[in-house]
Every structure is written in structure tokens, then in C-alpha cells.
Amino acid sequence: MPNLKFCKMKIIKAPYKSWGGIHPRYHKDLAADRALREMPLPELLQISMSQHLGAPAKPVVKKGDSVMQGTLIGEAAGFISANVHSPVSGVVKDVVPAITLTGAMIDSVVIEPDGEDKRVNDLAPLADWQAVAKKDLIARVAAAGVAGMGGAGFPTHVKLSPPPDKTIDTLIINGAECEPYLTADYRLMLESPERVWLGVSILRHILGAKTVRIAIEDNKPEAIRAMEQAMRNADGDVAIVELATEYPQGAEKQQIFAITGREVPSGGLPMDVGAVVENVGTAAAVFDAVFEGMPLIRRITTVTGLPLNAPGNIIAPLGTSYRALIEACGGCADTVKLISGGPMMGIAQAIDTVTTTKTTSGLLALGAPDVSLYESMPCISCGRCVDACPMNLVPSELSQYLEAEDYEGAEELHVMDCIECGCCAFSCPAHRPLVQHMRQGKARVMLKRKKK
Ligand code: SF4
Ligand code: SF4
């Protein structure tokens, strides 16, 4: 354990207000008071090799192989990629392309659990982590396949390896969970605050960051109290920052600005302004990898929505089907829309056989009263989307460029800075499909850049 000097934990208000943002109805009450629970083991797990941002992992097992909990089944295929491990002991039934939450067909390893949870001990616990070289701690995080658990799933070892010319002085831990309905991070902070804090301590040690800020929205006072208690003996410049409840406070660039006043340049990364942002779930996964020698093989998913009989915060092994998650929550009636993630940034699903990944923070079932069908109308130039955009873009103008397939023009208007938060579409009285335009536009610009 670190040599801790006593100091009173500071709780401060965010000193800056980032621009834009909206106040949707949060619906967190559906699952917020449901304690974490493990679901019964599904009969089959289908573990995608695309669990994270970057290149999918390369399968390293074949049909008929026996695996244990923690056996490497997919090897990182490149710098921006992450290892994938078996969440259970059992037998590999197949290695086949399967549909993922984005609709892409990606190699997946299908495992039939034997229910015995025999564990492989490839990663020895590193309880005395402060005595371990930083590069070895980063190697451990990479070996354990830790990836960001709050957003796109950026492999964590990459974020922990900034180039030598970038000094990281500030580590921000994102516990905002601003997305409506979702309560996975909230329950984690409430039920395992020490695990989160020790993970933060390891991240801080690796990065050498002098300043640590735990960012939590002010609608989660119980989580703030739990973290305050876990961090009571923290030394140095450490504080909990209460963010105003506003969507999207959990977005990386908005959080950096709200806490430090630093603006990440267009096309830049947090490390360009001396900051790294990690999610609370990622911090807990780093703790598991280092202290317990446990790779990232399961996660908390909030399974919620009015049609569900028993919404909850479920600890599920990677590769669990959405159908099994819904069954673990008592089933649901009359769902007309199933969303992987939350209502703002989640992706609507056509089928419920898609399976969970390291980034599945939520599964949202919406019934008929929750879903409205609107006809899109021409823009009335009201400017609401401009006021709402947290990236300071002009969504109405961008949308017109993109409809006209003028991707160069859209690129000049910084379409690539769009974080696909949905604030513009949420605010638009003409029901313009603004986020869809942005997504399409970004994909086209990326394609053009790749061709070049
Ligand atoms: S989706 Fe993009 S354009 Fe729309 S508000 Fe969010 S960042 Fe701005
Ligand atoms: S909110 Fe909709 S109608 Fe208003 S300016 Fe933006 S795109 Fe046009």
C-alpha cells in the first residue's frame, strides 16, 4: 500500500462551464437503486474479437479447444487493439463471423461454459505494484486486455503510453455517467469505491500525474459520499469535482474543459493539453488486472426501460446475448426498440442475439409510449442545434453540406470534431436527422482519408 499522508478530501464545483448541452429526462430511477448482481451463466457465450476501438483481435483458439477463465482467446492485432480472454471455463464450440452491435460481421469465439469456473493463472497478482516498473504495469494492463469502459473502448495501455514529448499533469476519472437511464458506473462507485480508488492510484502512478480529479455529476450525492470515504487518506492534489447535471458532461473534451479550462484543439487528443481521462469502470478493471491478476472478462451492464419486468445492474460475462440479459431481468413486454447503450449515444439493434462487449454499459428497451415517429421537415433556421452543440459546430449548416454530399465542405466545417452526442437532433423542432448526417459524413471523410 502507498505511504499515505492524511488530508481532508476536497470536493469542489467544476470551475468552468463547457458550451452547449441539453437537459433530457434522465429516467435513472428505474435502475439506480438496484444493487449489482451476477446473472446466471448463459448456455453459450459468443465473444466478439471486436471489443474495443481499433483493430479486432486475432482469434488464437479453435473449435474443440478447452479453455479456462482467463485463457487468451484473441490476441491484439496491432498497436490500437486489445487482447480478449475467455470469461469462463468450457469448450470452444466454434470460431465464426457473427453480427456485432454496429451491424458488422466480425470473428467471434463461441464457448460453452462447463460451469466450473476453473481459472488460468497466467497473470500473477502484483500487490506490491509501486515496486513494479511503470513499463511493466503498462504491459500488465495490455496483457489483461483492459479497454475504456465508458465510451468507444480505447485500449487503455495506449492511453497510458503518451509520446515522450507529452507531459501528463492531470488525470481525470470520469464518473459523470450523464447518459440517461444508465446507472452502471453509479452502482460501481457506490458498491466498490475502494476498488475504483486503488485503480485510480495505479493509473496516477503510471502517468506521473500530479493532479487527480474524480468527476461526478451533482445528481449522484451518494456516489460522491462513497468515493469521498474511499479517498479520505489520499495525498497530494486530489479532489472530487461536482459537475452540474447536464448532458454530455461525460464527454472527454467537455470534461477536460469544465475541470481545467483547457481546450483540446480540433483534431487533437487530451494528451495535447496534458490530460488523460479514464472511466471509473476502467479504473476498477486496472485494479483487477494488477491486484488480482484478472483480465477484463466481464462488466456491469444496466438493463433498463419501462417494458422490462425487473430492470437492474447486471454483472455479465463478455459475450452474453442481449436476449439472455433481458431474461435475467425478468423478460419484457411490448418492446418496440432495443438500444445497445443509452438513448442518446446508443445504437438501435435489429436483433437480440447480439452479445455484450467491454463497452456495453447499457441495454435499453423502449415501449410504444417511449418511441415517437416524426417526419423530418426542412430547417427553419432557429439555431437551437447551434446552441446545443457542445463542440461549437453549426449542425444545421453541416447537415446541408452532407445532404449535398459536399464532404470537403463538411470537413472544412470540422465535421470530424462531432462527438455524435445527439444534442442537435434532440433540440431540433424540425426533427432533422442531424446525427445520422454527421455519422455518415464522418464515415465518408474517413474513407477519403484512408484512400489518400
Ligand atoms: S451530434 Fe455532433 S453536431 Fe450534433 S450536437 Fe453533438 S457534437 Fe454537435
Ligand atoms: S435546430 Fe433544426 S430547424 Fe433549427 S437550425 Fe438546427 S437544423 Fe434547423
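In this text the structure is predicted, and so the values were computed from the model without any measurement.

Attention shifts here to the packing of aromatic side chains. Using the criterion set out here, one finds 3 aromatic pairs in the structure. Plain terms: the ring middles of Trp19 and Phe257 are 5.0 Å apart, the flat faces sit at 65° to each other, and that makes the pair edge-to-face. A residue pair is termed long-range when its members are at least 10 positions apart, and Trp19 in the loop between strand E1 (10-13) and strand E2 (36-38) and Phe257 in helix H6 (residues 252-260) qualify at 238 residues. Ring geometry for Phe287 versus Phe291: centroids 4.7 Å apart, planes at 25°, classification stacked. Residue Phe287 and its partner Phe291 are both found in helix H7 (residues 280-292); the two are separated by 4 residues, about one turn of the helix. Look at Phe287 and you get buried, because its relative accessible area is 10%.

Ligand 1 sits among Cys389, Pro390, Met391, Pro395, Cys418, Ile419, Glu420, Cys421, Gly422, Cys423 and Cys424. When its residues are assigned to classes, the shell around ligand 1 shows 9 nonpolar, 1 polar and 1 charged.

A separate point is the packing of helix H4 (residues 193-207) against H7. Interaxial distance between H4 and H7 falls to 7 Å at its minimum, and their mutual angle equals 80°. With respect to their mutual orientation, H4 and H7 come out roughly perpendicular. Judged by residue contacts, Arg195, Val196, Leu198, Gly199, Val200, Ile202 and Leu203 of H4 engage Val280, Ala283, Ala284, Val286, Phe287, Asp288, Val290 and Phe291 from H7. When its residues are assigned to classes, the contact of H4 with H7 shows 12 nonpolar, 1 polar and 2 charged.

Cut-off values and rules
Residues numbered from 1 in each chain as written. Chains lettered and ligands numbered in written order. Predicted model: local features only at pLDDT ≥ 70, side-chain atom pairs only at ≥ 80, totals over all residues. Heavy atoms only, no water. Phe/Tyr/Trp six-rings, centres within 6.5 Å; stacked < 30°, edge-to-face > 60°. Helix = DSSP H or I, 4+ residues; strand = E, 2+ residues; numbered from the N terminus. Buried < 20%, exposed > 50% of the residue type's maximum accessible area, 1.4 Å probe, protein only. Near = heavy atom within 4 Å. Nonpolar A, V, L, I, M, F, W, Y, C, P; charged D, E, K, R; others polar. Axes fitted to C-alpha atoms, helices over the stretch in contact; angles between N-to-C directions. Parallel < 35°, antiparallel > 145°, perpendicular 65-115°, else oblique. Contact = heavy atoms within 4.5 Å.

Remember that the coordinates give geometry; whether it matters functionally is a separate question.
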